[in-house]
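# Observations on chain architecture
One-letter residues, chain by chain:
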Amino acid sequence: REGEGGGGGGEPLAQALAGVLSEQQLAESERQILADKAAKGAAAVESAAASLASHDETVARSRAEFDGHAATSAELQAKLAASRPRAEALEAEAARLGEEQRAAAAKLEEGVAARSGGSMNERLRALMEAKRSGSIPGLVGRLGSLGSIAPEYDCAISTACGPLDWIVVRDTAAAQQSVELLRERGLGVATFVVLDKQAHLEKRMAPIETPKGSRRLFDLVQCTDPAHRVAFYFALHDTLVCGDKKLASDVAMGGAKRWRVVTTDGVVINPSGTMEGGGKPLRGRMGGAQSEGLSEAELAKLRKQIDALGSKLDAVKAERAAAQSEARELQKEAKRAQTVHNKQAMQLEAAAAQRAALEKRLHSARAA
């Protein structure tokens with residue numbers, strides 16, 4: 001019985017020991033759970049921090065690329081802006097040279113035609129060569145070559161001013177010398193306007209009042225030398241010019257004073273009421289190469305001038321084409337650079353929102 005009593009006393013101890021062991025196991029389990037939780041939290045913080053750091057590195061590289069593209073885009077825009085004035089200057093230079101070449105070619109064509117013309121051109125050429133040589137110092141030139149007029153009045157003055165082909169001289173001596181030269185060479189006769197015999201007309205050259213819708217043709221003539229204006233007044237007097245035949249008729253015959261009137265398309269109405277013209281309009285009697293009586297040497301000089309202008313024009317056109325090609329390439333590059341720049345700006349804007357999310361994740365990981 002004593003043995004049984006001794007065995008019964010050990011049971012409570014075993015039970016107590018089991019309880020202690022159970023509590024120990026529970027505590028260890030809880031500790032392990034806490035340790036695992038702490039490890040997971042640390043890993044989450046580390047992961048979030050690493051993600052944020054990696055994001056910042058990526059953004060820093062993108063920002064550097066963004067700034068680089070911005071500088072490239074600005075540089076290309078500056079080059080493009082600088083190329084425009086050069087291209088415009090070359091365009092203007094090409095237009096100027098082209099116009100000079102066309103004018104010289106037209107003068108050459110007229111000069112060649114004049115040298116192959118009839119006796120009038122032969123007379124004019126002989127007289128102009130005498131003028132250039134100084135053998136007839138008082139010889140001025142063909143009347144039509146001494147002035148110019150706006151193109152819209154070319155037909156009117158070519159029709160209404162018969163003396164445009166007459167030869168202007170300063171004095172009677174020059175006229176006599178010219179007549180003698182033509183006689184010696186068998187070139188026939190010419191008609192002369194002697195300037196020092198026309199002084200009485202100068203007071204009539206002052207502006208006058210003309211009927212409505214008309215202008216005095218003389219007032220439309222431009223002279224390089226004002227001394228030659230009196231020769232044009234001698235040839236035209238107070239002939240008026242109108243835009244159409246009906247108005248010209250009204251002006252010529254409808255007022256208290258009768259006028260000689262010419263239309264811009266070459267119909268002449270005289271103060272008596274007679275009408276001239278109406279056929280093929282006359283043009284080009286003012287100016288023109290034939291009015292200068294160009295010599296062979298001058299024609300050769302014109303040909304050289306045309307060739308030189310052509311060479312310059314070709315060079316400018318080539319330079320212009322290169323400048324235009326360069327401008328197009330710059331424009332393409334600038335457009336591409338701007339597209340990349342805009343795309344990177346959008347990416348950086350999205351990266352800012354992404355960083356905010358990463359910061360929130362890191363804060364949550366640290367608070368867990």
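Here the structure is shown first, and the text comes after it.
Residues numbered from 1 in each chain as written. Predicted model: local features only at pLDDT ≥ 70, side-chain atom pairs only at ≥ 80, totals over all residues. Heavy atoms only, no water.

### Topic: the overall build of the protein chain
Let me state the cut-off plainly: Counting from the N terminus, the helices are the DSSP runs of H or I reaching at least four residues and the strands are the DSSP runs of E reaching at least two. The cut-offs for exposure are 20% and 50% of the maximum accessible area for each residue type, with area from a 1.4 Å probe on protein chains only; residues under the lower value are buried, those over the upper are exposed, and the others partly exposed.
When you go through the protein chain residue by residue, the secondary structure sums to seven helices and ten strands. Taking all 368 residues of the protein chain together, the buried fraction comes to 33%.

### Some points on the sheet that holds strand 3 (residues 167-169)
Applied cut-off: By the convention used here, strands pair only if DSSP detects at least 2 bridges between them. To get an axis, a line is fitted to the C-alpha atoms, and for a helix only the part in contact is used. The angle between two axes follows their N-to-C directions and goes from 0 to 180 degrees. Any two residues having at least one pair of non-hydrogen atoms within 4.5 Å are treated as being in contact.
One open sheet accounts for three strands, arranged 1-3-4; its pairing is mixed. Looking at which strands have only one partner, the edges of the open sheet turn out to be strand 1 (139-142) and strand 4 (192-194). Along the sheet, successive strands turn relative to each other by an average axial angle of 25°, direction set aside. One ladder, built from three bridges, connects strand 3 with strand 4; its direction is parallel. Bridging across to strand 4, Ile-167 finds its partner in Phe-192. Contacts from helix 4 (residues 172-184) reach strand 1, strand 3 and strand 4, with the element oriented near 160° to strand 4.

### Some words on the sheet that holds strand 10 (residues 275-276)
If you trace the five strands from one edge of the open sheet to the other, you get 5-7-8-9-10, paired in mixed fashion. Edge strands, defined here as strands with exactly one partner in the open sheet, are strand 5 (215-216) and strand 10. As defined by bridge partners, strand 5 adjoins strand 7 (residues 240-242) across two bridges and the pair is classed as antiparallel. Bridging across to strand 7, Arg-215 finds its partner in Val-241. Contacts from helix 6 (residues 245-253) reach strand 7, strand 8 (261-263), strand 9 (268-269) and strand 10 within the one sheet, and its direction differs from that of strand 8 by about 175°.

### So, the packing of aromatic side chains
Which entries qualify depends on this criterion: Each Phe, Tyr or Trp ring (for Trp, its six-membered ring) is paired with any other whose centre lies within 6.5 Å, and the angle between the two planes then decides the class: stacked below 30 degrees, edge-to-face above 60, tilted in between.
Taken as a whole and judged by the stated rule, the model has two aromatic pairs. Look at Trp-166 and Phe-234: their rings are 6.1 Å apart centre to centre, the planes differ by 50°, and that puts the pair in the tilted class. A residue pair is termed long-range when its members are at least 10 positions apart, and Trp-166 in the loop between helix 3 (154-160) and strand 3 and Phe-234 in helix 5 (residues 229-236) qualify at 68 residues. Using a relative accessible area of 28% as the deciding quantity, one classes Trp-166 as partly exposed. Overall, the relative accessible area of 26% leaves Phe-234 in the partly exposed class.

### Side note on the nonpolar core
To keep things clear, this is the line we draw: Note on terminology: a nonpolar core comprises buried Ala, Val, Leu, Ile, Met, Phe, Trp, Tyr and Cys residues joined through side-chain atoms within 4.5 Å.
Residues Ile-149, Ile-157, Val-168, Leu-217, Val-221 and Phe-232 are the most contacted members of the largest nonpolar core, which totals 30 residues. Elements with a contribution of two residues or more to this core: helix 3 and helix 5. Within the second largest apolar cluster, 16 residues are counted, among which are Ala-126, Met-128, Phe-192 and Val-194.

### Considering the side chain of Asp-238
Quick note on the threshold: Polar contact criterion, stated in full: a pair of N or O atoms within 3.5 Å, where within protein one must be able to donate a hydrogen and the other to accept it, and residues adjacent in sequence count only if both atoms are side-chain atoms.
Topologically, Asp-238 is positioned in the loop between helix 5 and strand 7. A polar atom in the side chain of Asp-238 sits 2.9 Å from the side chain of Arg-216.

### Section: helix 5
A large share of helix 5 lies buried, amounting to six of its eight residues. Turning to helix 5, its buried residues are Val-230, Ala-231, Phe-232, Tyr-233, Ala-235 and Leu-236. The elements touched by buried residues of helix 5 are strand 2 (147-148), helix 3, strand 3, strand 4, strand 5 and strand 6 (222-223). At the exit of helix 5 stands His-237, carrying a positive phi of roughly 50°.

### Some remarks on helix 4
Formally: Working rule for helices: expected span equals 1.5 Å times residues minus one. For this quantity, the arc is that covered by the directions from the helix axis to the C-beta atoms.
The end-to-end C-alpha distance of helix 4 is 18 Å, a good match for the 18 Å that 13 residues give at a rise of 1.5 Å each. What helix 4 keeps buried is the set Ala-174, Ala-175, Ser-178, Leu-181 and Leu-182. Around the axis of helix 4, the buried residues are gathered within 125° of arc, so they sit on the same side. For helix 4, exposure combined with an orientation more than 90 degrees from the buried face picks out Gln-176, Arg-183 and Glu-184.

### Quick look at the pattern of salt bridges
How we decide: Salt bridge, as used here: a side-chain nitrogen of Lys or Arg that lies within 4 Å of a carboxyl oxygen of Asp or Glu.
Evaluated as defined, the whole model comprises 15 salt bridges. Arg-102 is the salt-bridge partner of Glu-99, the closest N and O atoms lying 3.1 Å from each other. Here Arg-102 and Glu-99 lie together in helix 1 (residues 2-115), a separation of three residues that amounts to about one turn. Owing to a relative accessible area of 47%, Glu-99 belongs among the partly exposed residues under this scheme. For Arg-102, a relative accessible area of 51% corresponds to the exposed category. Where Glu-329 meets Lys-332, a salt bridge forms, and the shortest distance between an N and an O atom there is 3.8 Å. Highlighted residues: Glu-329 and Lys-332, both in helix 7 (residues 296-367), separated by three residues, approximately one helical turn. Classification of Glu-329 as partly exposed rests on a relative accessible area of 37%.

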